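Each chain is listed here by its residues.
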Amino acid sequence: DAIERIEVVRGPMSSLHGSDAIGGVINVITKPISDEWHGSVTGEYTYQQDRNAGDSWRTGIFASGPLIKDKLGLKIYAGWDRRNPDNPAINVNPALDGFMLSDNKYVDATATWTPDVQNRIDFNYGYSHRNHQSNGPAGPLDYPMDRHSLGVSHFGDYSFGTSELKVWGDRVHNYQGHGNALGIAQPNTAYNAGVDGKMVFPVEWGVPQTITVGGSYRYQGMYGPFGL
């Protein structure tokens, strides 16, 4: 419900979407904050005919509207997706076959400040918790992960062109971790941060042209039992 449209672009797009966009881009564009408050609630449930198979459900909410008319607005969406594990009795090989638990919760909020017609600033915070089970020597193992993200973006629309500047970061904590010693917890925490900016200038060189100039900086680090 929070998505306005999805753009699929083939081929290199690094000049517009950063250094990772070497093979193409799937750009998910959320709805802008509306002038009046509105929202939605969705939900679905799958009840398995075979009661040894795990049921699943999905629910979500979306709300958007002004806090200060024409100056400050807010949009927020959240959801919970869960698939219960199969009963081992349904599987030929209970240690290897069947679906394990999958549980995902998330919330994302963006506040938009519009000081004037030429400038817009977005403040974003997101949180998600994922828990996927996997079989271990002594039975199912939980693999929970938490992610916190923060971002500030500025969008400018001027007589000479448009600009975008984004500062963002996230922290992902893996409570179980993955390592060569199966069944031994090796928790780790990953940090990502970056700055992305670009200017877009329309020019007339015989025919209308567009010039995009930009750059990006990214930091990535992972901290675990053995340090960075």
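Within any chain, residue numbers begin from 1 and follow the written order of that chain's sequence. Note on the predicted model: pLDDT of at least 70 is required for a residue's local features to be given, and 80 or more for side-chain atom pairs to be given and counted; whole-chain, interface and lining totals, by contrast, use all residues. Excluded from the side-chain calculations are hydrogens and water; all other atoms, namely the structure's heavy atoms, are used.

Asks: For this particular structure, what's the right way to read the overall build of the protein chain?
Replies: In this text, helices come from DSSP runs of H or I with a minimum length of four residues, and strands from runs of E with a minimum of two, each type numbered from the N-terminal end. Tallying secondary structure elements over the protein chain gives one helix and 11 strands in all. Helices and strands appear in the protein chain in the N-to-C order β-α-β-β-β-β-β-β-β-β-β-β. Counting all 228 residues of the protein chain, 27% fall into the buried class. Counting contacts in the protein chain only where the partners sit at least 6 residues apart, residues at least 24 apart contribute 49% of the total. Per-residue accessibility, obtained with a 1.4 Å probe over protein chains only, is compared with the maximum for each type, and a residue is labelled buried under 20%, exposed over 50%, and partly exposed between these values. Here a residue-residue contact requires only that any non-hydrogen atoms of the pair lie within 4.5 Å.

Asks: So what exactly am I meant to see when it comes to the pattern of salt bridges here?
Replies: Pairing between side chains becomes possible if they bear opposite charge and their charged atoms approach one another. What counts as a salt bridge is simple: a side-chain nitrogen of Lys or Arg found within 4 Å of a carboxyl oxygen of Asp or Glu. Taken as a whole and assessed by the stated rule, the structure comprises 10 salt bridges. Here lysine 105 and aspartate 103 are joined by a salt bridge, their closest N and O atoms 2.7 Å apart. When its relative accessible area of 34% is taken as the criterion, lysine 105 is described as partly exposed. As a salt-bridge pair, lysine 166 and glutamate 164 come within 4.0 Å of each other at their nearest N and O atoms.

Asks: Looking at this model, I keep getting lost on unusual backbone geometry. Mind explaining?
Replies: Leaving glycine aside, a negative phi is the common case for residues, and trans is the common case for peptide bonds. With a phi close to 65°, aspartate 70 is a non-glycine residue in the positive phi region. With respect to the element layout, aspartate 70 can be found in the loop between strand E4 (56–68) and strand E5 (72–83). A relative accessible area of 60% places aspartate 70 in the exposed class.

Asks: Explain the side chain of aspartate 146 here, please?
Replies: Checked against the element boundaries, aspartate 146 lands in strand E8 (residues 139–158). The sign given to each residue is positive for Lys and Arg and negative for Asp and Glu; His and the chain ends receive no count. No salt bridge is formed by the buried aspartate 146. Its closest oppositely charged neighbour is arginine 171, at 6.2 Å. Polar contact is defined as a pair of N or O atoms within 3.5 Å, subject to the rule that within protein one atom must be able to donate a hydrogen and the other to accept it, and that residues adjacent in sequence are counted only when both atoms are side-chain atoms. One polar contact links aspartate 146 to tyrosine 127, side chain to side chain, over a distance of 3.2 Å. Within the structure, aspartate 146 has its side chain in polar contact with the side chain of histidine 129 (distance 2.4 Å). Dropping the residues within four chain positions of it, aspartate 146 is found in contact with Tyr127, Ser128, His129, Arg171, Val172, His173 and Tyr175.

Asks: Please explain the layout of surface pockets as it appears in this structure.
Replies: Where empty space is left can be seen by rolling a probe of water-molecule size over the atoms. Using protein atoms alone on a 1 Å grid, points that fit a 1.4 Å probe yet trap it form a cavity, whereas open point sets bounded by protein on both sides within 12 Å along at least five of seven lines form a pocket; residues with an atom within 4 Å of a point count as lining. Grid points are joined across faces, edges and corners, and a volume is the space filled by probe spheres set on the points. By volume, the second largest pocket amounts to about 260 Å³. The wall of the second largest pocket is formed by 16 residues, among which Asp1, Thr42, Gly60, Ala78 and Tyr106 lie closest to the centre. Secondary-structure elements contributing two or more residues to the lining of the second largest pocket are strand E3 (38–46), E4 and E5. When residues of the lining of the second largest pocket are assigned to their parent elements, the largest contribution, five residues, is made by E4.

Asks: Mind showing me how you'd approach the environment of aspartate 142 here?
Replies: Here aspartate 142 is to be found in strand E8. Take aspartate 142: its relative accessible area is 36%, and that puts it in the partly exposed class. For the pair aspartate 142 and methionine 100, spaced 42 residues apart in the sequence, the C-alpha separation amounts to 9.7 Å. Ignoring sequence-local partners within four residues, the contact set of aspartate 142 consists of Asn131, His132, Gln133 and Gln176.

Asks: I'm lost on the pairing of E5 in this one. Help?
Replies: Taken residue by residue, a regular strand's side chains alternate between the two faces of the sheet. Should DSSP find at least two bridges between two strands, the strands are regarded as paired. Alignment of E4 against E5, held across 12 bridges, turns out to be antiparallel. Among the inter-strand pairings, arginine 58 is bridged to a residue of E5, identified as aspartate 81. In sequence, E4 turns back onto E5 through a hairpin of three residues, with aspartate 70 there showing a positive phi of about 65°. For E5 and strand E6 (residues 102–116), the ladder comprises 12 bridges, and the chain directions are antiparallel. From the neighbouring strand, glycine 79 faces E6, where its bridge partner is tyrosine 106.

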